Amino acid sequence: MTTILVTGGTGTLGRLVTERLRSDGHEVRVLSRHTRPYAVDLREGGPGLDAAVAGVDTIVHCATTPRGDDVQAATNLIAAARQAGVPHLLYISIVGVDRVPFGYYKAKLAVEELLAESGLGWTVLRATQFHDLLVQLFQGLAKVPVMMLPAGVSDQPVEVAEVADRLAKLAAGAPAGRVDDMAGPEVRTFESLARAFLKASGRRCAVVNVPLWGAAYRGFRAGGHLAPERAVGEGTFEDYLATRIRSQASVAS
């Protein structure tokens, strides 16, 4: 089998990708800022990064940050991969990065462009938002008596485990360029998702839809981050909530 490096290998997605690759018999190296022997800050690069990429067949790049450092991190990773002669760099991106002028999305699109111009063999998979990200958002919004949501915005959340399965298969294959997007099974209004969260978690909170402004909001309202034609995911938001609540109840007991 092959040797595969997973950046962000301790994160929500990277951890699952690592598990699947190892179960398939691959040798997997996990790169994160605090995990030895490949404890590397991609924003800084250096000898630790060079050691991490040396001799690997594929890099699965899952590491990301909303702070705007993704481009620098990818620049360092690509340079190290090129120097080491890595045959394949696989990147997880987001549906709509080319349609919604949101700062984080702009950075993800810039990384895609760096890959396409890198001279490396590359693959890019775009996915919609993961269920757990919505839960984190709703948990924050539910801390006050009135949950305020962006009016007219929908989402199409996907199960992170399904995305991990897809990435593991792509990592074991040849570079494929931009592959088909991966989206969840349902396009849902933010309000319906929020009410499902409130019901599942037993919280009481008023829900109010608030019109916002700006180009990013218009992009989200227009559905630029959705891919209804690629509704290939199977796990629904309610499925995720039920599993999460059972898990929390098990831990509590």
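Right above here is the structure, for reference.
A.B. asks: Please set out the overall build of the chain residue by residue, giving values where relevant.
C.D. replies: Tallying secondary structure elements over the chain gives 9 helices and 10 strands in all. In summary, the chain has a C-alpha radius of gyration of 19 Å against a globular reference of 18 Å for 253 residues, a match within 12%. Dimensions of the chain, computed from C-alpha atoms along their principal axes, come out at roughly 55 × 45 × 30 Å. Here the chain holds 253 residues, and 50% of them are scored as buried. Contacts in the chain between residues far apart in sequence, at least 24 positions, make up 78% of those at least 6 positions apart. Only carbon and sulfur atoms are counted for the fraction: they give 53% of the accessible area of the chain, which is about 12000 Å². The averaged location of the 26 negative side-chain charges in the chain is 6 Å from the averaged location of its 27 positive side-chain charges.

A.B. asks: Residue-level account of the packing of aromatic side chains, with values.
C.D. replies: Within this structure, the stated rule accounts for 6 aromatic pairs. Pairing F102 with Y105 gives two aromatic rings, centres 5.5 Å apart and planes at 80°, and the pair type is edge-to-face. On the basis of relative accessibility, which here comes to 3%, the residue Y105 falls in the buried class. By way of ring pairs, the aromatic residues F138, F190, F197 and F237 are connected into one cluster.

A.B. asks: Tell me about the pattern of salt bridges, and name the residues and values.
C.D. replies: Under the criterion given, the structure shown has 11 salt bridges. With a shortest N-O distance of 4.0 Å, R230 and D180 are connected by a salt bridge. Here D180 lies in the loop between β8 (177-178) and β9 (188-189) and R230 lies in the loop between α8 (215-221) and α9 (237-252), a separation of 50 residues in the sequence. We classify R230 as partly exposed; its relative accessible area is 25%. In this structure, a network of salt bridges that share partners links the residues D41, R43 and D69.

A.B. asks: Would you mind going over the side chain of D155 in detail, with residue names and values included?
C.D. replies: For D155, the location among the structural elements is in strand β7 (residues 154-155). In this structure D155 is buried but unpaired, with R188 as the nearest side chain of opposite charge at 10 Å. Dropping the residues within four chain positions of it, D155 is found in contact with Q129, L134, E186, V187, R188, F190, L193, H225 and L226.

A.B. asks: Residue-level account of the sheet that holds β8, with values.
C.D. replies: On the basis of which strands lie adjacent, the open sheet formed by 6 strands has the order β2-β1-β3-β4-β5-β8 and parallel pairing. The strands lining the two open edges of the sheet, one partner per strand, are β2 (27-31) and β8. As paired strands, strand β5 (residues 122-127) and β8 are joined by 2 bridges and run parallel to one another. The partner of T123 across the bridge, within β8, is G177.

A.B. asks: Break down a nonpolar patch on the surface for me, with residues and values.
C.D. replies: Residues V146, M148 and V208 make up a contiguous nonpolar surface patch of roughly 240 Å² in combined accessible area. A relative accessible area of 36% means that V208 is categorised as partly exposed.

A.B. asks: How would you explain helix α3 (residues 70-84) if you had to name every residue and give the values?
C.D. replies: End to end, α3 covers 21 Å across 15 residues, agreeing with the expected 21 Å (1.5 Å per residue, within 8%). Within α3, the full set of buried residues consists of D70, A73, A74, N76, L77, I78, A80 and A81. Buried-residue contacts for α3 involve β1 (3-7), α2 (47-53), β3 (58-61), β4 (88-94) and α4 (103-116).

A.B. asks: Which residues make up unusual backbone geometry, and what values do they have?
C.D. replies: In this chain, R36 is followed by P37 through a cis amide linkage whose omega measures 10°. Mapping P37 onto the fold places it in the loop between β2 and α2.

What counts, and where the lines are drawn
- Residues numbered from 1 in each chain as written.
- Predicted model: local features only at pLDDT ≥ 70, side-chain atom pairs only at ≥ 80, totals over all residues.
- Heavy atoms only, no water.
- Helix = DSSP H or I, 4+ residues; strand = E, 2+ residues; numbered from the N terminus.
- Rg over C-alpha atoms; globule rule 2.2 N^0.38 Å.
- Buried < 20%, exposed > 50% of the residue type's maximum accessible area, 1.4 Å probe, protein only.
- Contact = heavy atoms within 4.5 Å.
- Areas by Shrake-Rupley, 256 points an atom, 1.4 Å probe, with all protein chains shown as cover.
- Lys, Arg positive; Asp, Glu negative; His and termini not counted.
- Charge placed at Lys NZ, Arg CZ, Asp CG, Glu CD.
- Phe/Tyr/Trp six-rings, centres within 6.5 Å; stacked < 30°, edge-to-face > 60°.
- Salt bridge = Lys/Arg side-chain N within 4 Å of Asp/Glu carboxyl O.
- Pairing = 2+ DSSP bridges.
- Patch = residues over 30% accessible without salt bridge, like charges linked within 9 Å, V, L, I, M, F, W, Y side chains within 5 Å.
- Expected span 1.5 Å × (residues − 1).

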